[in-house]
Amino acid sequence: CHFLLADLLYRMGDLSAARERYYAAIELDEEYVEARANLGSVLVESNELELAVAAFQGALTFHPDYADVHYHLANTFERIGRSDEAPLHWQAFLALAPESPWAETARERLGNDSDMSPPVLMQ
């Protein structure tokens, strides 16, 4: 219920209420990766980028092959000046979702080197 309410609030643009409900969903189930991923997106939109990184990393702890989270984490790392940490996540994203509409962006961020070896995803 918390997750569904958070999604509705997020779509309505009430970021602070959505954030609260995503936190409530995670409190009830710490492995709720969708809640962690969406919380990260809310935090990015709220310009709380360090907290967003933590939310995305938390999601990857439980689901290391969540392609969208790798994409958003790489973007967030670049926004906060931690660009050296982004390539691993761009590569992971491409390895997991090479046909995604966002794949071209990831390739561009990697310098168009789409022949890079896929990363080893942490368990």
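Fair warning: this is a prediction, and the values are worked out from it, not measured in the lab.

Caption draft 1: A look at the pattern of salt bridges. All chains considered together, the criterion is met by 5 salt bridges. When the shortest N-O distance is used, the salt bridge between Glu48 and Arg19 registers 2.5 Å. Of this pair, Glu48 sits in the loop between α3 (33-45) and α4 (49-62) while Arg19 sits in helix α2 (residues 15-28), and the two are 29 residues apart along the sequence. Close ionic contact of Glu78 with Arg109 constitutes a salt bridge, the shortest N to O distance being 3.1 Å. Taken together, the positions of Glu78 in helix α5 (residues 67-79) and Arg109 in helix α7 (residues 103-109) put the pair 31 residues apart, joining distant regions of the chain. Overlapping salt bridges bring together Glu50, Arg82 and Glu85 as one network.

Caption draft 2: View of α2. When the terminal C-alpha atoms of α2 are compared, their 20 Å separation across 14 residues agrees well with the 20 Å that a helix rising 1.5 Å per residue should span. Looking only at α2, the buried set comprises Leu15, Ala17, Ala18, Arg21, Tyr22, Ala24, Ala25 and Ile26. Of the surrounding elements, those touching the buried residues of α2 are α1 (2-12) and α3.

Caption draft 3: Up close: the packing of α5 against helix α6 (residues 86-96). α6 packs onto α5 with a crossing angle of 155 degrees between their chain directions and a minimal axis gap of 8 Å. One element, α5, and the other, α6, form an angle in the roughly antiparallel class. Remark: the crossing between α5 and α6 carries left-handed chirality. Residues Ala67, Asp68, His70, Tyr71, Leu73, Ala74, Asn75, Phe77 and Glu78 of α5 touch α6, and the partners they reach there are Ala86, His89, Trp90, Ala92, Phe93 and Leu96.

Caption draft 4: Inspection of the side chain of Ser41 at higher detail. If you trace the backbone, Ser41 turns up in helix α3. Judged by its relative accessible area of 18%, Ser41 is buried.

What counts as what
Residues numbered from 1 in each chain as written. Predicted model: local features only at pLDDT ≥ 70, side-chain atom pairs only at ≥ 80, totals over all residues. Heavy atoms only, no water. Salt bridge = Lys/Arg side-chain N within 4 Å of Asp/Glu carboxyl O. Helix = DSSP H or I, 4+ residues; strand = E, 2+ residues; numbered from the N terminus. Expected span 1.5 Å × (residues − 1). Buried < 20%, exposed > 50% of the residue type's maximum accessible area, 1.4 Å probe, protein only. Contact = heavy atoms within 4.5 Å. Axes fitted to C-alpha atoms, helices over the stretch in contact; angles between N-to-C directions. Parallel < 35°, antiparallel > 145°, perpendicular 65-115°, else oblique. Left-handed = near helix turned anticlockwise from the far one by under 90°.

Just geometry here; none of it tells us what the structure is for.
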